[in-house]
Amino acid sequence: MKKIFTLSILFLYISASAQLLQDNFSSYTTGNDLNNQGGWSNNSSNPGGGGNCAGAICENQKISSTALTFTGYGSSLKSILAGPGRDAIGKGWSTNVTSGSLYASFLINFSDVLCTSTCSSEFVFFRLVNRSSNFSFAVRVLAKKTTASSFQLGVEKGGGGNKVFTSNSYNFNNTYLVVLKYTINTGSGSDDVMQLFVNPDMAAAEPVSSEINTNLGTDATNIDIAAVQFHFNSSGLLPVGNYGLLSVATQWSQLPFTSASVNNLDRDLSNVKVFATSSTQAVFQMNSARIDNSTIEVMDIMGRVVLREQVKLNAGVNRFVLQTGTLSKGVYSVRAVSSKGVSATVRFAQ
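It should be emphasised that the depicted structure is a prediction, and the values quoted were computed from it without experimental measurement. (Residues numbered from 1 in each chain as written. Predicted model: local features only at pLDDT ≥ 70, side-chain atom pairs only at ≥ 80, totals over all residues. Heavy atoms only, no water.)

K.L.:
Can you help me understand the overall build of the protein chain in this one?
P.N.:
Secondary structure assignment for the protein chain yields zero helices and 25 strands. Residues classed as buried in the protein chain amount to 55% of the 350 residues present. Put simply, of all contacts in the protein chain between residues at least 6 apart along the chain, 68% involve residues at least 24 apart. Accessible surface, the protein chain: about 14,200 Å² in total, of which carbon and sulfur atoms supply 49%. (Helix = DSSP H or I, 4+ residues; strand = E, 2+ residues; numbered from the N terminus. Buried < 20%, exposed > 50% of the residue type's maximum accessible area, 1.4 Å probe, protein only. Contact = heavy atoms within 4.5 Å. Areas by Shrake-Rupley, 256 points an atom, 1.4 Å probe, with all protein chains shown as cover.)

Below you can see the structure in the form of structure tokens.
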């Protein structure tokens, strides 16, 4: 079969009905407050806002130059600096979610979690906020230290104190993809379901099982979810590290950042090409300015990752053979995801 190759940038297709909020923080000014950048606010009169540094010890959330990436989900050169005493800050969207399911996903990389199993509810670090009040919460995400080198994640419905934690522990200084799913039911008033997924494969369909799946606790009085909030804490118990690449949607498939945007293009990767060698193989070639670890991703026309390989880059020209024989006929895109971002994308026909 004749193969046709063209160089193009792959743009994210967003379904307006499913995608509510997506922010990789890459366009914001490093070192400045997140407040008043990109619609984020700490003012409690704005959706998600928490109250203008209300507390004895408080510092505004800052934008950090720490890069975060998760294969198949997204990559960015900037993130939010996490730490104790940070002001609650939030961002809303225009359509209230009053039924069905809502997904919120983000990356975390914590160097420490200052709350142990003996501390109170002040280890909440993320929550879905109802439009009825910036202090009315559908569900909160929690963290607590379990050993000197690890922590657990948890959920809590509303503010009722009924906390459920993962059975697994997660290591400090590693990047994790966290996906929170909240399903609104209309039965007893305590039947809304909270699910938490850690490091799911975003190229696949929504997993059947999750690390947490519970309806424990009483549902919030008003379910009209319209904002997210990174929580304020003045007691010095919040995680230390970074949050990044926040996405909120009503469909699992709309969560990933599949765009190779100007903000996260890796400019150390250049001269991206693909060469057909046979009907079952293709050679992906690029120049790298440095030695690095990278992931090569092949995506179908809907942006779903259908082939993924972990590779090591050498400084200079790199060539990798991709086994494409299992792919159906159609148009595909291939790119490299490095520690600093993503390359330009080459589109080809199989």
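K.L.:
I tried to follow the nonpolar core on my own but got confused; where do I start?
P.N.:
Among soluble globular proteins, nonpolar side chains are generally buried collectively. By size, the foremost hydrophobic cluster in this structure holds 50 residues, and its most contacted members are Phe 125, Phe 126 and Leu 128. Here Phe 126 is in contact with Ala 104, Phe 106, Val 139, Arg 140, Val 141, Leu 180, Val 228, Gln 229, Phe 230, His 231 and Leu 246, once residues within four sequence places are set aside. Of all hydrophobic cores here, the second largest spans 19 residues; its members include Met 286, Leu 313, Leu 322 and Ala 336. (Core = buried A, V, L, I, M, F, W, Y, C linked by side-chain atoms within 4.5 Å.)

K.L.:
Got a minute to help me understand the pairing of strand β21 (residues 292-299) in this structure?
P.N.:
Each regular strand carries side chains that alternate between the two faces of the sheet. Buried residues dominate β21, accounting for seven of its eight residues. Where β21 meets strand β22 (residues 305-313), eight bridges bridge the pair, whose relative direction is antiparallel. Across the sheet, residue Val 298 finds its bridge partner in β22, namely Leu 307. (Pairing = 2+ DSSP bridges.)

K.L.:
I would appreciate a short explanation of the pattern of salt bridges in the present structure.
P.N.:
Two side chains that carry opposite charge are able to pair once their charged atoms sit near each other. Per the counting criterion, the structure on display carries eleven salt bridges. Between Asp 112 and Lys 145 there is a salt bridge; the shortest N-O distance is 2.9 Å. Residue Asp 112 is found in strand β8 (residues 100-113), and its partner Lys 145 is found in strand β10 (residues 137-147); the two are separated by 33 residues along the sequence. The exposure class assigned to Lys 145 is partly exposed, which follows from its relative accessible area of 24%. Lys 181 is the salt-bridge partner of Glu 206, the closest N and O atoms lying 2.8 Å from each other. Taken together, the positions of Glu 206 in the loop between β15 (193-198) and β16 (212-214) and Lys 181 in strand β14 (residues 176-184) put the pair 25 residues apart, joining distant regions of the chain. For Glu 206, a relative accessible area of 27% gives the class partly exposed. Taking the relative accessible area as the measure of exposure, Lys 181 reaches 12% and is therefore buried. (Salt bridge = Lys/Arg side-chain N within 4 Å of Asp/Glu carboxyl O.)

K.L.:
What is the right way to look at the confidence of the model for the protein chain in this model?
P.N.:
Should the pLDDT be low somewhere, the predicted coordinates at that spot are not to be read in detail. Averaged over the protein chain, the pLDDT score is 81; the fraction of residues at 70 or greater is 85%. Segment residues 1-17: pLDDT under 50, and 44 contacts once partners within four positions in sequence are set aside and those in other chains are kept. The model gives residues 259-263 a pLDDT under 50, and that stretch makes 17 contacts with residues more than four places away or in other chains. (pLDDT = per-residue confidence, 0-100.)

K.L.:
In this structure, what is going on with the packing of aromatic side chains? I would like to understand it.
P.N.:
Here the structure, examined in full by the defined rule, presents 19 aromatic pairs. Centre to centre, the rings of Phe 106 and Phe 230 are 6.3 Å apart; their planes meet at 75°, and the pair counts as edge-to-face. Of the two residues, Phe 106 sits in strand β8 while Phe 230 sits in strand β17 (residues 225-230), which places them 124 residues apart along the sequence. Overall, Phe 106 belongs to the buried group, its relative accessible area being 0%. Taking the centre distance of 4.7 Å and the plane angle of 20° together, the rings of Phe 230 and Tyr 243 count as stacked. Taken together, the residues Phe 230 in strand β17 and Tyr 243 in strand β18 (residues 239-249) connect sequence positions 13 residues apart. Directly above the aromatic system of Phe 165 lies the positively charged group of Lys 144, at a separation of 4.0 Å from the ring centroid. (Phe/Tyr/Trp six-rings, centres within 6.5 Å; stacked < 30°, edge-to-face > 60°. Lys NZ or Arg CZ within 6 Å of the ring centre and 35° of its normal.)

K.L.:
Would you take a moment to explain the side chain of Thr 295 for this structure?
P.N.:
Following the sequence through the fold, Thr 295 ends up in strand β21. Classification of Thr 295 by relative accessible area gives buried; the value is 4%. Of note is the side chain of Thr 295, whose polar atom sits 3.5 Å from the side chain of Thr 71. Of note is the side chain of Thr 295, whose polar atom sits 2.9 Å from the side chain of Gln 310. Ignoring anything within four residues of it in the chain, the contact list for Thr 295 reads Thr 71, Arg 308, Glu 309, Gln 310, Arg 335, Ala 336 and Val 337. (Polar contact = N/O pair within 3.5 Å; in protein donor to acceptor, adjacent residues only side chain to side chain.)

K.L.:
Quick question: what am I supposed to make of unusual backbone geometry here?
P.N.:
Glycine aside, residues mostly have negative phi angles, and peptide bonds mostly take the trans form. The phi angle at Phe 25 is positive, at roughly 65°, despite the residue not being glycine. Mapped onto the elements of the fold, Phe 25 is located in the loop between β2 (19-23) and β3 (62-64). What makes Phe 25 buried here is its relative accessible area of 0%. The backbone of Asn 199 sits at a positive phi, close to 55°, despite the residue not being glycine. Take Asn 199: it is sitting in the loop between β15 and β16. Since its relative accessible area comes to 34%, Asn 199 is described here as partly exposed.

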